[in-house]
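# Architecture and fold: a report
Here are the chains, one letter per residue:
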Amino acid sequence: MYEWTCAGQSLPAEGQDFALSIVVVNSPKALMVIDSGATAAVGESAAAAIRSKFGTKPVWVLNSQPKPEHVLGNVGFRSVFSGTLKEGELFTSRLVAGKKTADLMKARCPVCISNFSERLGSNSVEGTESLVPGRILRTETGHLGLLNNDWVAWKFRFYNDLETEEALVLRNQELKLWWVGSAIQNRDIPDLYDGKVADRIDFLGRLKTRMLAGDTILTSFGVLDRNWIDRNLDYFVRLQQAVLYGLEAGVSEVELIEQLSAEIGEFKNTVSVQTDPKLNAKALETHQLNVQRIFHQTEPFVF
């Protein structure tokens, strides 16, 4: 297992939040790459580094979820690894995703590229184009031996509403490895993203009970200590409870956001809010968005 963490070198200051880790699994026959980065430049830089280390070995790229920062680097990998394809083979056949992820990429990637261009500058997204996987994992669970016999030990499962509409989670029990994408974060305030809080709490609780001694957690933010499971879990449980109590007391959405924003320090036992004003502002913004999302998810169930 290798982790490529230099995505930030290919992104401007405005794009550093999208500088996620790219994980590489080496086997005798092929390489498996989990996610490809936010732009063509990120993907090409990662692919060039991987190609330099592993030579002409063919590659499979798994797009673990449909968010642009996970998939828009596909075209960069194509430019570097196209020479490893068999005659007549298209590079899209080397791109792998769940059906929902592939469908959402097809529908959204052109708009995402346009949005990134406005946010990061056109130079940063130059050459970036939508490259949708042609190899689809159609079952909810299974193993990756269908891609390469060396990867039978890699079990996969798709989760809906965990952090996005479809998230791929991997486990290799022999190597004591988990891949959980962005479902666990080493941030002051973990972001619910587009997931549902009940699903996130359930996943984190199950993961905590299934983790064995010596297991390693691979995430989009690098290798994380298992203590981050507890920190993320405790944050979302406490925040959901606070929102529920507020709803039952008849507190409005705006009032609840203001109240829980003022009480962000109450969560300092589970998160280490930094003294840097910029980090504080980012943590507060994430916290407020979490409150808003949980409010709307919880409101229908309040008596």
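Before any of the text, the structure's been laid out above.
Scope of this entry: the structure provided in the associated data block. (Residues numbered from 1 in each chain as written. Predicted model: local features only at pLDDT ≥ 70, side-chain atom pairs only at ≥ 80, totals over all residues. Heavy atoms only, no water.)

### A few points about the overall build of the protein chain
From N to C terminus, the protein chain includes eight helices and twelve strands. For the protein chain, the C-alpha radius of gyration of 20 Å lies close to 19 Å, the compact-globule estimate for 303 residues. Viewed in the frame of its principal axes, the protein chain has a C-alpha envelope of about 65 × 45 × 35 Å. The burial tally for the protein chain puts 50% of its 303 residues in the buried class. For the protein chain, restricting intrachain contacts to residue pairs at least 6 apart in sequence, the fraction spanning at least 24 positions comes to 70%. Within the protein chain, one finds 32 positive and 37 negative side-chain charges whose respective centroids are separated by 9 Å. (Helix = DSSP H or I, 4+ residues; strand = E, 2+ residues; numbered from the N terminus. Rg over C-alpha atoms; globule rule 2.2 N^0.38 Å. Buried < 20%, exposed > 50% of the residue type's maximum accessible area, 1.4 Å probe, protein only. Contact = heavy atoms within 4.5 Å. Lys, Arg positive; Asp, Glu negative; His and termini not counted. Charge placed at Lys NZ, Arg CZ, Asp CG, Glu CD.)

### With respect to the environment of Leu177
Among the structural elements, Leu177 can be located in strand β10 (residues 177-179). Taking the C-alpha atoms as reference, Leu177 lies 26 Å from Phe81; in sequence the two are 96 residues apart. When residues no more than four places from it in sequence are discounted, the contact partners of Leu177 are Met1, Trp154, Leu170, Arg171, Asn172, Thr216 and Leu218.

### Focus: the sheet that holds strand β2 (residues 22-26)
Strand pairing within a sheet occurs via backbone hydrogen bonds; the two strands may be parallel or antiparallel. Across the sheet, which stays open at both edges, the six strands sit in the order β1-β2-β3-β4-β5-β6 with mixed pairing between neighbours. Pairing within the sheet leaves two strands with one partner each, and these edge strands are β1 (2-4) and β6 (135-137). Between one strand and the next, the sheet's axes are offset by a mean angle of 25°, whatever the strand orientation. In this sheet, β6 lies alongside strand β5 (residues 95-98) in parallel orientation, the contact comprising three bridges. The partner of Val96 across the bridge, within β6, is Arg135. Helix α1 (residues 40-54) contacts β1, β2 and β3 (31-34) of the sheet and is inclined by roughly 145° relative to β1. Strand contacts of helix α3 (residues 74-81): β3, β4 (59-62) and β5, with the helix running at about 180° to β4, the strand carrying the most contacts. (Pairing = 2+ DSSP bridges. Axes fitted to C-alpha atoms, helices over the stretch in contact; angles between N-to-C directions.)

Remember, this is a structural readout, not a statement about activity or role.
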